[in-house]
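# Breakdown of the fold
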Amino acid sequence: MEVYFDNAATTKIIPEVREIMLVTLDEEYGNPSSMHLKGVGAEKYIRYAKGVISKQLKCEPKEIIFTSGGTESNNLALIGTALANKRAGRHIITTGIEHASVYQPLLYLEEQGFRITFLKVDKEGKVDLEDLKKSLCEDTILVSVMAVNNEIGAVEPLEEIVGIVKEYNKDIICHVDAVQAFGKMTIYPKRIGVDAMSMSGHKIHGPKGSGALFVDNRVKIKPILYGGGQERGIRSGTENTSAIAGMGKAVEVIYDRLEENNRNMRQVKETLITGALGIEGVTDHSGEAPHIASLSFSGVRSEVLLHALEDRGIYVSAGSACSSNHPAVSGVLKAIGLDKDLLESTLRFSFSEYNTVEEAEYTISVLKEILPVLRRFTRK
């Protein structure tokens, strides 16, 4: 049996996505900026995708900017808004559990003279709201908080966070990295005061290389790519029509069956966690997100267990896939205060609607079989 439990890293595309992408590759292959019919034919797929995503977010189509993925969306949101608003201040607030595509751009901005505050989180990975209140100041121009943590599945209280920020100063820009939330929950950014929100296509059965950034019309943002002036001049470059069309179709399909998908993922997650906790030395620190489970296995290094599971056809990850080629102790696990002996013994299991309870049960049976062997080997 093959079990793919690494859907927070990427997902396989669904048939509907493949079909629309083939049309844009084989038939509507024109440049969307061209004035002839081939260009017009390609451009309609851009408009289609903007329409689907804006309808889901309850915003205007022109407030959707297409990018190459979540990483570019985060970079554009952070660097673009910081540079455009630096006259108002140079203080930025984020959390200690952000994805590298938020953390690294902020370190770059720190080099450019901005001051960064990293908020504390509790043992569940939730933002310390009192710490947020204390950190806001006259110089604050931007607050960036992820909606769902990519390693443990913690769901942040976005409405409370944004409410606190806007009550202090309505002009502070609120950015949300929604890469792990989009397609798993409903977020209406304008309704709760979010000014910019990052999304990715390949986390929701769309193609890799597809992403989007919601930017409220009122927000000043500088481009980080210059050229032909596509996407309202905010993101130049010939649009990747097939990837954009594929992402649009993925959004349309996934949100149409959101509740059913979430029920299925929660059932798989609960089956896995319940079974795992019946094994000696297993600790659960999973958040509320339906698609992510984080489990520690004392006495076994995560990379060793990962490859042992791989040998049995089960694919999982140790922390974020974006840093998996450079093994290191997770900053997220440190931030939630995980015991030192568990920091290097934690695996992430992440699900999609294609996973089954039978796959979770198979994984538990394999864990029961291999953990005692690996622990004996480790002790030796």
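Keep in mind that what you see is a predicted model, and the values were worked out from it rather than measured.

Let us now look at the overall build of the protein chain. On a plain count of helices and strands, the protein chain comes out with 12 helices and 12 strands. Compactness check: the protein chain gives a C-alpha radius of gyration of 21 Å against a globular reference of 21 Å for 380 residues, within 12% of the reference. Dimensions of the protein chain along its principal axes, counting C-alpha atoms only, are 65 × 55 × 35 Å. Here the protein chain, with 380 residues, has 58% of them falling under the buried criterion. Residue pairs in contact within the protein chain that sit at least 24 positions apart in sequence constitute 73% of those at least 6 positions apart. Accessible area for the protein chain stands at about 16800 Å²; split by element, carbon and sulfur atoms hold 50% of it. Positive and negative side-chain charges of the protein chain, numbering 45 and 51 respectively, have mean locations separated by a distance of 3 Å.

A word on the pattern of salt bridges. The full count for this structure, using the stated rule, is 16 salt bridges. With a shortest N-O distance of 3.5 Å, lysine 126 and glutamate 288 are connected by a salt bridge. With lysine 126 in the loop between β4 (115-119) and α5 (129-135) and glutamate 288 in the loop between β9 (282-284) and β10 (292-297), this pair connects stretches of sequence that are 162 residues apart. Taking the relative accessible area as the measure of exposure, lysine 126 reaches 17% and is therefore buried.

The next subject is the nonpolar core. Soluble globular proteins tend to pack their nonpolar side chains together in the buried interior. In this structure, Ile53, Leu57, Phe182, Met197 and Met199 are the most contacted members of the largest nonpolar core, which totals 53 residues. Leave out the neighbours within four places in its chain, and leucine 57 touches Ile64, Phe182, Ile187, Tyr188, Pro189, Met197, Met199 and Phe214. Counting residues in each nonpolar core, the second largest holds 29 residues, with Ile314, Ile364, Leu371 and Leu374 among its members.

As a further point, take the sheet that holds β9. Spatially, 3 strands are ordered β9-β10-β12 in an open sheet, and the strand pairing comes out antiparallel. Looking at strand neighbours, the two that pair on one side only are β9 and β12 (346-350), the edges of this open sheet. Averaged over all pairs of adjacent strands, the angle between their axes in this sheet comes to 30°, without regard to strand direction. Alignment of β10 against β12, held across 5 bridges, turns out to be antiparallel. Of the residues in β12, the one forming a bridge with isoleucine 292 is serine 350. Contacting β9, β10 and β12, helix α9 (residues 258-277) runs over the sheet at an angle of about 10° to β10. Against the sheet, helix α10 (residues 302-311) touches β10 and β12, its axis set at about 40° to β12.

Moving on, we come to the sheet that holds strand β7 (residues 196-200). Taken together, the 7 strands give an open sheet; going across it, the order is β2-β8-β7-β6-β5-β3-β4, and neighbouring strands pair in mixed fashion. Of all strands in the sheet, those with a lone pairing partner are β2 (64-67) and β4, marking the two edges. Between one strand axis and the next, the sheet turns by 20° as a mean value, whatever way the strands run. In the sheet, strand β3 (residues 91-95) pairs with strand β5 (residues 140-146) via 3 bridges, with the strands oriented parallel. Of the residues in β5, the one forming a bridge with histidine 91 is threonine 140. Relative to the sheet, helix α2 (residues 37-57) contacts β2, β7 and β8 (211-215), its axis offset from that of β2 by approximately 120°.

Note on placement: histidine 205 falls in the loop between β7 and β8. Histidine 205 gets classed as buried once you look at its relative accessible area, which sits at 3%. Between the C-alpha atoms of histidine 205 and isoleucine 244, which are 39 residues apart in sequence, the distance is 13 Å. Not counting residues within four places of it along the chain, the set of residues in contact with histidine 205 comprises Thr11, Lys12, Ile13, Ile14, Val17, Ala250, Ile254, Ser352, Glu353 and Tyr354. A distance of 3.2 Å separates the side chain of histidine 205 from the side chain of glutamate 353, its partner in a polar contact.

A surface patch of like charges, here positive, comprises Lys86, Arg87, Lys220 and Lys222. Inspection of the secondary structure assignment puts lysine 220 in the loop between β8 and α8 (241-256).

Looking now at the pairing of β10. The buried fraction of β10 is high, at 6 of 6 residues. Side chains Ile292, Ser294 and Ser296 of β10 all project onto a buried face; the interleaved residues Ala293, Leu295 and Phe297 project onto the opposite face, where all are buried too. Bridging between β9 and β10 involves 3 bridges; their strand directions are antiparallel. Across the sheet, the residue bridging to valine 282 is phenylalanine 297, located in β10.

Moving on, we come to the state of the cysteines. Going through the model one piece at a time under the given rule, you end up with 0 disulfides. No disulfide involves cysteine 59; its sulfur sits 16 Å from the nearest other cysteine sulfur, which is in cysteine 174.

Quick look at the confidence of the model for the protein chain now. When pLDDT is averaged along the protein chain, the result is 94; 96% of the residues meet or exceed 70. A low-confidence stretch, residues 323-327 stays under pLDDT 50, and its non-local contacts, those more than four residues away or across chains, total 0 contacts.

This brings us to α2. The end-to-end C-alpha separation of α2 is 30 Å, in line with the 30 Å expected for 21 residues at 1.5 Å each. Here α2 has its buried residues at Gly39, Gly41, Ala42, Tyr45, Ile46, Ala49, Lys50, Val52, Ile53, Ser54, Gln56 and Leu57. Those residues of α2 hidden inside the fold are in contact with α1 (15-26), β2, α7 (189-192), β7, β8 and α8. Just past α2, the residue lysine 58 takes up positive phi, approximately 60°.

What counts, and where the lines are drawn
Residues numbered from 1 in each chain as written. Predicted model: local features only at pLDDT ≥ 70, side-chain atom pairs only at ≥ 80, totals over all residues. Heavy atoms only, no water. Helix = DSSP H or I, 4+ residues; strand = E, 2+ residues; numbered from the N terminus. Rg over C-alpha atoms; globule rule 2.2 N^0.38 Å. Buried < 20%, exposed > 50% of the residue type's maximum accessible area, 1.4 Å probe, protein only. Contact = heavy atoms within 4.5 Å. Areas by Shrake-Rupley, 256 points an atom, 1.4 Å probe, with all protein chains shown as cover. Lys, Arg positive; Asp, Glu negative; His and termini not counted. Charge placed at Lys NZ, Arg CZ, Asp CG, Glu CD. Salt bridge = Lys/Arg side-chain N within 4 Å of Asp/Glu carboxyl O. Core = buried A, V, L, I, M, F, W, Y, C linked by side-chain atoms within 4.5 Å. Pairing = 2+ DSSP bridges. Axes fitted to C-alpha atoms, helices over the stretch in contact; angles between N-to-C directions. Polar contact = N/O pair within 3.5 Å; in protein donor to acceptor, adjacent residues only side chain to side chain. Patch = residues over 30% accessible without salt bridge, like charges linked within 9 Å, V, L, I, M, F, W, Y side chains within 5 Å. Disulfide = S-S within 2.5 Å. pLDDT = per-residue confidence, 0-100. Expected span 1.5 Å × (residues − 1).

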